[in-house]
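Structural overview for review
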Amino acid sequence: MKYTEGYWLRKESVQASFASQAFRVRPIENGMRVTAPERPILSRADALDQTVLTIDFVSAGHNDIAVTLYHDMGYESHEPRFELNVQPDPVELVCISI
């Protein structure tokens, strides 16, 4: 990525996917997991051939939220990682349907 004129620019060969709606919200330990497709799903046919992102929002400490975004969760990651020192606060998830 390049930084120019105040904006991050994507490489020409990269196609980005952006979430358009929160399709499903589920509680997980100390947070919530949001499943979000790149286009709205109005029927079964809309669920075909599109990217689905999984986003985890987890309490990592007092007034801290750890956000992790996944695509293709089935693959094993071989990137270097280190353990975080987390002390999560208790979380209460309240879902409101509109």
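Residues numbered from 1 in each chain as written. Predicted model: local features only at pLDDT ≥ 70, side-chain atom pairs only at ≥ 80, totals over all residues. Heavy atoms only, no water.

Examining the sheet that holds strand E4 (residues 31-37)
In space, the four strands of this open sheet follow the order E3-E4-E5-E6, with antiparallel pairing throughout. Looking at strand neighbours, the two that pair on one side only are strand E3 (24-28) and strand E6 (64-70), the edges of this open sheet. Direction aside, neighbouring strands of the sheet carry axes that sit 20° apart on average. (Pairing = 2+ DSSP bridges. Helix = DSSP H or I, 4+ residues; strand = E, 2+ residues; numbered from the N terminus. Axes fitted to C-alpha atoms, helices over the stretch in contact; angles between N-to-C directions.)

With respect to the environment of Pro 88
Residue position: Pro 88 is located in the segment after E6. Taking the C-alpha atoms as reference, Pro 88 lies 9.3 Å from Asn 63; in sequence the two are 25 residues apart. Not counting residues within four places of it along the chain, the set of residues in contact with Pro 88 comprises Asn 30, Ser 59, Ala 60 and Gly 61. (Contact = heavy atoms within 4.5 Å.)

Quick notes on the confidence of the model for the protein
Confidence in the prediction of the protein, expressed as mean pLDDT, is 81, and 86% of residues score 70 or more. Of all helices and strands in the protein, the one with the weakest mean pLDDT is strand E1 (residues 2-4) (55), whereas E4 scores best (92). (pLDDT = per-residue confidence, 0-100.)

Considerations on the pattern of salt bridges
Tallying each qualifying case throughout the model produces two salt bridges. The residue Arg 33 makes a salt bridge to Asp 56 at a minimum N-O spacing of 2.7 Å. Within this pair, whereas Arg 33 is found in strand E4, its partner Asp 56 is found in strand E5 (residues 52-61), the two being separated by 23 residues in sequence. One salt bridge in this structure joins Arg 39 and Glu 38, with 3.5 Å as the shortest N-O distance. (Salt bridge = Lys/Arg side-chain N within 4 Å of Asp/Glu carboxyl O.)

Notes on a nonpolar patch on the surface
Taken together, the side chains of Phe 82, Leu 84 and Val 86 define a hydrophobic patch exposed on the protein surface, amounting to about 360 Å² of accessible area. One can find Val 86 in the segment after E6. (Patch = residues over 30% accessible without salt bridge, like charges linked within 9 Å, V, L, I, M, F, W, Y side chains within 5 Å. Areas by Shrake-Rupley, 256 points an atom, 1.4 Å probe, with all protein chains shown as cover.)

Digging into the pairing of E4
The element E4 is largely enclosed, with a buried count of five among its seven residues. Direction of pairing for E3 relative to E4: antiparallel, over a ladder of five bridges. For Ile 28, the partnering residue across the bridge sits in E4 and is Gly 31. Here E3 hands over to E4 after two residues, with Asn 30 in that stretch at a positive phi of 60°. The pairing of E4 with E5 spans seven bridges and is antiparallel. Paired with Ala 36 across the bridge in E5 is Leu 53. (Buried < 20%, exposed > 50% of the residue type's maximum accessible area, 1.4 Å probe, protein only.)

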